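Chain and residue survey
Listed here are the chains, written in short residue letters.
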Amino acid sequence: MTTSEPKQARAIERREHLLDAAAQVFANRGYADAQMDEIAAAADTSKGGLYFHFANKETLIAAVIGRAGDILRNRVTSAMSAAGDDPVARADAALATLIDTLSAHRSLARVLTTETVAGSSAARRRVVEIEDEFVRLIAAELRVALERGRLSNLHEPLDPDLTARAWVGMVQSTLTAWAAGRVATPIQRIYPELRRLLLRSAGVPLESNQLTEHLKE
């Protein structure tokens, strides 16, 4: 290990710590009201130390959202791979993991909402990009499921893109309300409840689908 490697590791660890603190402050205060000195205090560092890593508040919120997207992407990709090649199971695993991950990181769930990032057009664009990425991911699986005849309870073929948009929107809306404390349902029950609605809307026979393994009671 070279001399620079420990320094790089410490710098990465420090940056992650700053992002954690920023996520908490943005989640609690919203982008518009959050102050850089408040974030520095939450991270137990100086304002100068915060500016050393991030040039301004806009750069910082973009980094927080970017990291949230990376966390979700990595975990969802892993869950979909573990689900095998059945497209319904893969879409199921993707949405279940999305909720599972954000429920464990409530501040990230709140940061990924339009009300939290109000005041930053760049942050809103990043949130929309993440949403669109998941819509494309789910739509691709629904398209395969349609081609394979897995959506057998439909009176007429569905539109995979529109259905995926509705699925992601329903999950996002419910999770946003939960993160803000407006949903009383325990987080462990949110996806099982949504899942029945989502799968039924796509014509999936519920009895033929087992709940994602890590959400089983």
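Coordinates for the structure precede this section.
Below: a short report on this structure. (Residues numbered from 1 in each chain as written. Predicted model: local features only at pLDDT ≥ 70, side-chain atom pairs only at ≥ 80, totals over all residues. Heavy atoms only, no water.)

A few words on the overall build of the protein chain. The secondary structure content of the protein chain amounts to nine helices and zero strands. Tracing the protein chain from N to C terminus, the helices and strands come up as α-α-α-α-α-α-α-α-α. Dimensions of the protein chain, computed from the C-alpha atoms along their principal axes, are close to 60 × 45 × 30 Å. Looking at the protein chain as a whole, 43% of its 217 residues qualify as buried. Counted over contacts in the protein chain with a minimum sequence separation of 6, partners at least 24 positions apart contribute 68%. Roughly 11,300 Å² of accessible area belongs to the protein chain as shown, and the carbon and sulfur atoms make up 51% of that amount. Across the protein chain, the centroid of the 27 positively charged side chains sits 3 Å from that of the 28 negatively charged ones. (Helix = DSSP H or I, 4+ residues; strand = E, 2+ residues; numbered from the N terminus. Buried < 20%, exposed > 50% of the residue type's maximum accessible area, 1.4 Å probe, protein only. Contact = heavy atoms within 4.5 Å. Areas by Shrake-Rupley, 256 points an atom, 1.4 Å probe, with all protein chains shown as cover. Lys, Arg positive; Asp, Glu negative; His and termini not counted. Charge placed at Lys NZ, Arg CZ, Asp CG, Glu CD.)

Its 26 residues place the ends of helix α4 (residues 57-82) 38 Å apart at the C-alpha level, agreeing with the 38 Å of an ideal helix rising 1.5 Å per residue. A distance of 3.2 Å separates the backbone nitrogen of Glu 58 from a side-chain oxygen at the start of α4, and that oxygen is part of Asn 56. (Expected span 1.5 Å × (residues − 1). Polar contact = N/O pair within 3.5 Å; in protein donor to acceptor, adjacent residues only side chain to side chain.)

Okay, the packing of helix α5 (residues 87-104) against helix α7 (residues 121-147) next. For the pair α5 and α7, the least separation of the axes is 8 Å and the interaxial angle reads 155 degrees. Overall, the two elements α5 and α7 adopt an arrangement that is roughly antiparallel. For the pair α5 and α7, the crossing hand works out as left-handed. Of the residues in α7, those in contact with Pro 87, Val 88, Arg 90, Ala 91, Ala 94, Leu 95 and Leu 98 of α5 are Phe 134, Ile 138, Glu 141, Val 144 and Ala 145. Here the residues of the contact of α5 with α7 sort into ten nonpolar, no polar and two charged. (Axes fitted to C-alpha atoms, helices over the stretch in contact; angles between N-to-C directions. Parallel < 35°, antiparallel > 145°, perpendicular 65-115°, else oblique. Left-handed = near helix turned anticlockwise from the far one by under 90°. Nonpolar A, V, L, I, M, F, W, Y, C, P; charged D, E, K, R; others polar.)

Let us now look at unusual backbone geometry. At Asp 44, a position not held by glycine, the phi torsion is positive, near 60 degrees. Assignment of secondary structure puts Asp 44 in the loop between α2 (36-42) and α3 (47-53).

Here the focus is the pattern of salt bridges. A complete count under the given rule lists 14 salt bridges for this structure. Note that Arg 165 is salt-bridged to Glu 131, the shortest N-O span being 3.5 Å. Linking Arg 165 in helix α8 (residues 160-179) with Glu 131 in helix α7, this pair joins segments that are 34 residues apart in sequence. Put simply, Arg 189 and Glu 193 hold a salt bridge, and the shortest N to O gap is 3.5 Å. Of this pair, Arg 189 and Glu 193 both sit in helix α9 (residues 187-201), four residues apart, roughly one helical turn. A residue is classified by how much of its surface remains accessible, and Arg 189, at 27% relative accessible area, is partly exposed. Residue class for Glu 193 comes out partly exposed when judged on its relative accessible area of 39%. Taken together, the shared-partner salt bridges connect Glu 16, Asp 20 and Arg 67 into one network. (Salt bridge = Lys/Arg side-chain N within 4 Å of Asp/Glu carboxyl O.)

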